[in-house]
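Notes for the structure review
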Amino acid sequence: MYNNDKLLADFWGILNLTTDYLTTGIKQKHTSFKVLSDSLGQIAKEISLCSKCRLCETRTNTVPGKGSSSPSLMVIGEGPGAEEDRRGLPFVGKAGQYMDKWMDAIKLEREADLFITNIVKCRPPGNRDPLPDEMTACLPFLDRQIKLLSPDLILSVGRISSQVLAGSSDGIGKLRGRSYLYKGISLIPTYHPSGVLRNPDEYRKPVWEDLQRVRNFLAKKELT
Ligand code: URA
């Protein structure tokens, strides 16, 4: 039989256990909920507020990236140009319009099949190359985007993004034609559309070969 003292001790014991559960258990659940709830919108918001490098001082808009939330192909360039900075959208200038033609040729649509973004999300002034510390500061945003989107394939366009993602200092002429893995995802490097626009005789043919590899990979899920 319970006497009054034992009853009171049990009551306080249960109350303490409940308090422990509410303060630690729920806090832990809340923490893991925060991690699980990462989203493209959350990443874009953090990018819009970012001041981790000097590019925040000269940008008009941040350019987080745009496209499908379940893309078969993620296209990654180096950084926004003037038109992208003005509009806050990736690859909407001359190079981007030309790249749209590449995608038309292999029957991929921006909104349905692609997510397009860059290594750095703010424009390097005067279209200079992004500096190593700027890329290091920005790369965690790209990594979170890749983790969330889990594309079948990544196409890096241009020397800078291809070197960063392939983890190599080789020139783009060497990197293209080979395949890499970035965070476990197959990666095909190719030339930047603005380079091809400047020198179509030299670069159109290899880019076309690279686009065929993209198309074959997406059809068969194996690299050719
Ligand atoms: N060049 C890039 O690398 N990215 C853009 O978004 C536009 C031009």
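The sections below set out a description of the structure shown in this document. (Residues numbered from 1 in each chain as written. Predicted model: local features only at pLDDT ≥ 70, side-chain atom pairs only at ≥ 80, totals over all residues. Heavy atoms only, no water.)

Focus: helix H7 (residues 159-166)
As a reminder, the rule being used: Think of it in three bands: residues with accessible area under 20% of the maximum for their type are buried, residues over 50% are exposed, and the middle band is partly exposed, with areas taken using a 1.4 Å probe on protein chains only. Per the convention used, a helix needs a DSSP run of H or I reaching at least four residues, while a strand needs a run of E reaching at least two, with both numbered from the N terminus. Should any heavy atoms of two residues lie within 4.5 Å, those residues are considered in contact.
Of all 8 residues making up H7, 6 are buried, and the element is well covered by its neighbours. Those residues of H7 that fall on the buried side of the exposure criterion are Ile160, Ser161, Ser162, Gln163, Leu165 and Ala166. Here the buried face of H7 lies against strand E2 (73-77), helix H6 (132-149), strand E4 (153-157), helix H8 (172-175), strand E5 (180-182) and strand E6 (185-190). Positive phi shows up at Gly167, right after H7, with a value of about 65 degrees.

Considering helix H4 (residues 94-105)
A turn of α-helix holds 3.6 residues, and therefore any two residues three or four places apart point the same way. Condition: One less than the number of residues in a helix, times 1.5 Å, gives the span that helix is expected to have. Think of it as the arc spanned by the lines of direction from the helix axis to the C-beta atoms.
In a regular helix each residue adds 1.5 Å, so 12 residues correspond to 16 Å; H4 covers 17 Å between its end C-alpha atoms and thus fits that length. Within H4, the full set of buried residues consists of Ala95, Gly96, Tyr98, Met99, Trp102 and Met103. Along H4, the residues classed as buried sweep out an arc of 160 degrees about the axis, all on the same side. Structural note: H4 exposes Lys94, Lys101 and Asp104 on the side pointing more than 90 degrees away from its buried face.

Points about the sheet that holds strand E1 (residues 66-67)
How we decide: Two strands are counted as paired when DSSP detects at least two bridges linking them. Note on method: axes are straight lines fitted to C-alpha atoms, helices fitted across the in-contact stretch only, with angles between N-to-C directions ranging 0 to 180 degrees.
Taking strand neighbours across the sheet as the criterion, the 6 strands line up as E1-E3-E2-E4-E6-E5 in an open arrangement whose pairing is mixed. Every interior strand has two partners, whereas the edge strands, E1 and E5, have only one. One ladder, built from 4 bridges, connects E2 with E4; its direction is parallel. Each residue of the ladder has a partner; that of Val75, found in E4, is Leu155. Sitting on the sheet, H6 touches E2, strand E3 (114-118), E4, E5 and E6, and the angle it makes with E2 is about 170 degrees.

Concerning the environment of Phe115
Looking at where Phe115 falls in the secondary structure, it is placed in strand E3. In this structure the C-alpha to C-alpha distance between Phe115 and Ser70, which are 45 residues apart in sequence, comes to 8.2 Å. Beyond its immediate chain neighbours, meaning those up to four positions away, Phe115 contacts Leu40, Pro64, Gly65, Lys66, Gly67, Ser68, Pro71, Leu73, Met74, Val75, Gln145 and Leu149.

A closer look at the pairing of E2
Within E2, 5 of the 5 residues are buried, which leaves it mostly tucked inside the rest of the structure. Because side chains alternate across E2, one face comprises the buried residues Leu73, Val75 and Gly77, and the other comprises Met74 and Ile76, equally buried. In this structure, E2 lies alongside E3, joined through 5 bridges in parallel fashion. Directly across from Gly77, in E3, lies its bridge partner Asn118.

Focus on the nonpolar core
The nonpolar side chains of a soluble globular protein tend to be buried, and buried together. Applicable threshold: Each nonpolar core is a collection of buried residues, namely Ala, Val, Leu, Ile, Met, Phe, Trp, Tyr and Cys, held together in the definition by side-chain atoms within 4.5 Å.
In this structure, Leu73, Val75, Met103, Ile154 and Val214 are the most contacted members of the largest nonpolar core, which totals 51 residues. Ranked by residue count, the leading element in this core is H6, at 8 residues. Setting aside residues no more than four positions away along its own chain, Met103 makes contact with Leu73, Val75, Leu108, Leu114 and Leu155.

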